[in-house]
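Close look at the chain arrangement
Spelled out from the first residue to the last, the chains are:
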Amino acid sequence: MNHFEYRDSELFCEGVRLSAIATAVGTPAYVYSSATLEHHYAVFKQAFAPRDVLVAFAVKANANIAVLATLARKGAGADTVSQGEIERALKAGVPPERIIFSGVGKTESELAFAVKARVYQINVESVAELDALSRIAGSLGEAPSIAIRVNPDVGAGGHEKISTGKGDAKFGVSPEQALQLYARAHIDPHLTAKGLAVHIGSQIRDLAPLEAAFGVMRGLVERLRGDGITIERLDLGGGLGVPYFNEPDPPSPALYAGMAARVLDGLDIQLAFEPGRMIAANAGVLLARVIRIQERRGRPILVLDAGMNDLIRPAIYDAYHDIRPVQEPPPGARHEPVDVVGPICETGDTFTRNRALPPLQAGDLVAFSSAGAYGATMASTYNARALAPEVLVRGDQFEIVRRRWTLDEQLALERLPEWMK
Ligand SMILES: *Cc1c(COP(=O)(O)O)cnc(C)c1O
């Protein structure tokens, strides 16, 4: 469920006309719905009730501090993969005791930062990282809580580039190695061994691989406990898919939580989850304007003022985004096939080919659905374009929560070398 709906023949976000936002901030622009973010968080959290699970929103899906603060005020934690993401989460009011630090390439200074910030848990991905963290924690006189990230050798996810749980992926250690590492961390005075973590991929539409991975995790907990080693936490990652309109709906949070409860039945352990896409994707749209229609043999090309630098998912994951005219098409309007492209000088800057859309003209507004996750966070300034602004809606109010980055601001970081002066 989301709060982007037609009313009075126009697409609204909650109580605000998208056309009003386009007039106020220009296009392209990201628009997020507070009510949808809060609803998705609540649905996920409540699916596990009465069990109290930590829902740590994956900041890489949407890192805007107003979005993070909206979720933090409802009780969400944050799953972070860099110091920058930890700092964003803290700035948004996520307490350190709800922050998880994951990621395969944490630098020593990032580890030190997380130790000093006393985050909830650092997820360790390798032997070398465990050694480095122990040394760093020792020198700081701390004993951070850690989990070992397991690679369960289960493939999953909507696209090979977002599958992380196969044995040859770069993430985590094998189940056997995880047991050894956990036991080692357990007796290390500079570490507090708390749990095991897993995350097998993103945009997962089938519970079977998740169930297989959770089963592996249960087995590991039982083996550790069988050896008399205490373990209090399981971090079961993110990855639950969302409807992108062109494919069958993924399992609901209720089905997902039911599966987790079944697999972990009777296991007395604290659970954490790291959903990103599931919370944010359908809580945001990318608003764009048609620059012109390019006629050609076959079918016309709709050229938008948004490009792959604003929304890169179609270019790198062949992702589908529903494209909705902001002005509702009249009933019975004929849908004709078109290609939809951006202005970037690259063929990859094609959002879709051969999509049946109602008639559109230069100047018309369109909204890309499901753009609230992995949209703005993956944007770049390719082709010397400005980063699109971000707008947060709440009821009948909206505010710019990141303004457009001007060219002057970009250029302020650059200079000519001395030898050219
Ligand atoms: C990307 C990521 C997530 C979030 O994945 P979604 O598919 O957005 O739910 C969670 N945990 C880790 C470790 C990740 O890398």
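Just so you know, these numbers come straight off a predicted model, no measurement behind them. Chains are numbered independently. Their residues run from 1 in the order of the written sequence. Side-chain atom pairs in this predicted model are given and counted only at pLDDT of 80 or more, local residue features only at pLDDT of at least 70, and totals for whole chains, interfaces and linings cover all residues. Side-chain measures were taken over the full set of non-hydrogen atoms in the model, leaving aside hydrogen atoms and water.

So, empty space enclosed by the protein
Note on definitions: the grid is 1 Å and covers protein atoms alone; a cavity is a set of points where a 1.4 Å probe fits but cannot get out; a pocket is an open set with protein on both sides within 12 Å along at least five of seven lines; lining residues have an atom within 4 Å of a point. Grid points are joined across faces, edges and corners, and a volume is the space filled by probe spheres set on the points. In total, this model carries two cavities of 30 Å³ or more according to the counting rule given. Within this model, the largest cavity holds a volume of roughly 40 Å³. If you go around the largest cavity, the residues you meet are Phe57, Val59, Leu68, Leu71, Ala72, Ala76, Gly77, Ala78, Ala89 and Val94. What counts as a helix is a DSSP run of H or I of at least four residues, what counts as a strand is a run of E of at least two, and both are numbered from the N terminus. Of all the secondary structure elements, the ones that give two or more residues to the lining of the largest cavity are helix H3 (65-72) and strand E6 (77-80). Top contributing element to the lining of the largest cavity by residue count: H3, with three residues.

Brief notes about the nonpolar core
In this structure, Ile148, Leu196, Phe214, Leu234, Tyr256 and Phe273 are the most contacted members of the largest nonpolar core, which totals 105 residues. Here the limits of each domain have been adopted from an automatic or database domain assignment. Here this core spans two domains, since at least three of its residues come from each of domain 1 (4-31 + 281-411) and domain 2 (34-280). Whether two residues touch is decided by their heavy atoms; if any such pair falls within 4.5 Å, the residues are in contact. With sequence-adjacent residues up to four places away left out, Ile148 is seen in contact with Val124, Leu130, Val173, Ala178, Leu181, Tyr182, Gly195, Leu196 and Ala197. Side-chain atoms within 4.5 Å are what join buried Ala, Val, Leu, Ile, Met, Phe, Trp, Tyr and Cys residues into a set we call a nonpolar core. Accessibility here uses a 1.4 Å probe with only protein chains present; expressed as a share of the type maximum, an area under 20% marks a residue as buried, one over 50% as exposed, and anything in between as partly exposed.

As for the pattern of salt bridges
By convention in these notes, a salt bridge is any Lys or Arg side-chain nitrogen within 4 Å of a carboxyl oxygen on Asp or Glu. A complete count under the given rule lists 21 salt bridges for this structure. Between Glu38 and Arg394 there is a salt bridge; the shortest N-O distance is 2.9 Å. Linking Glu38 in helix H2 (residues 34-47) with Arg394 in strand E19 (residues 390-394), this pair joins segments that are 356 residues apart in sequence. Overall, the relative accessible area of 43% leaves Arg394 in the partly exposed class. Note that Glu108 is salt-bridged to Arg135, the shortest N-O span being 3.0 Å. Within this pair, whereas Glu108 is found in helix H5 (residues 108-117), its partner Arg135 is found in helix H6 (residues 127-140), the two being separated by 27 residues in sequence. Take Glu108: its relative accessible area is 42%, and that puts it in the partly exposed class.

Notes on the site of the ligand
If even one non-hydrogen atom of a residue comes within 4 Å of a molecule or strand, that residue is called near it. Around the ligand sit 13 residues, and of these Lys60, Ser202, Glu274, Arg277 and Tyr374 come closest. Under this definition, polar contacts are N or O atom pairs within 3.5 Å; protein pairs additionally need one hydrogen-donor-capable and one acceptor-capable atom, and for neighbouring residues in sequence, both atoms have to be side-chain atoms. Interatomic distance of 2.8 Å between a backbone N/O atom of Arg277 and an oxygen atom of the ligand. When the ligand is considered free in solution it has 390 Å² of accessible area, and contact with the protein chains removes 94% of it. Occupancy of a cavity or pocket is assigned to a molecule whenever over half of its atoms lie within 2 Å of that pocket's grid points. Because more than half of its atoms lie within 2 Å of the grid, the ligand is assigned to the largest pocket. Surface accessibility in these figures is a Shrake-Rupley result with a 1.4 Å probe; residues are shielded only by whichever protein chains are displayed.

Quick word on the domain arrangement of the protein
The domain boundaries assigned to the protein delineate domain 1 (4-31 + 281-411) and domain 2 (34-280). A separation of 32 Å is found between the C-alpha centroids of domain 1 and domain 2. Contact with domain 1, which involves 25 residues of that partner, is made by 26 residues of domain 2. Taken together, the two surfaces of domain 1 and domain 2 that pack against each other cover about 2,200 Å², and 53% of this comes from carbon and sulfur. Of all the secondary-structure elements, those providing two or more residues to the side of domain 1 that touches domain 2 are helix H11 (313-317), E19 and strand E20 (397-402). Per-element tally for the side of domain 1 that touches domain 2: the top contributor is E19, with four residues. Here the residues of the side of domain 1 that touches domain 2 are counted per class, giving 10 nonpolar, eight polar and seven charged. Defined here as a combined quantity, buried area equals the accessible surface (1.4 Å probe) lost by two parts on assembly, summed across both. Nonpolar residues are Ala, Val, Leu, Ile, Met, Phe, Trp, Tyr, Cys and Pro. Charged residues are Asp, Glu, Lys and Arg, and all others, Gly as well, are polar.

As for the sheet that holds strand E1 (residues 4-7)
One open sheet holds the three strands; their spatial order is E1-E2-E3, and the pairing between them is antiparallel. Two strands close off the open sheet at either side, each with one partner strand: E1 and strand E3 (16-17). Any two strands are treated as partners once DSSP identifies two or more bridges connecting them. Note: strand E2 (residues 10-13) against E3, two bridges, orientation antiparallel. Within E3, the position partnered with Cys13 by the bridge is Val16.

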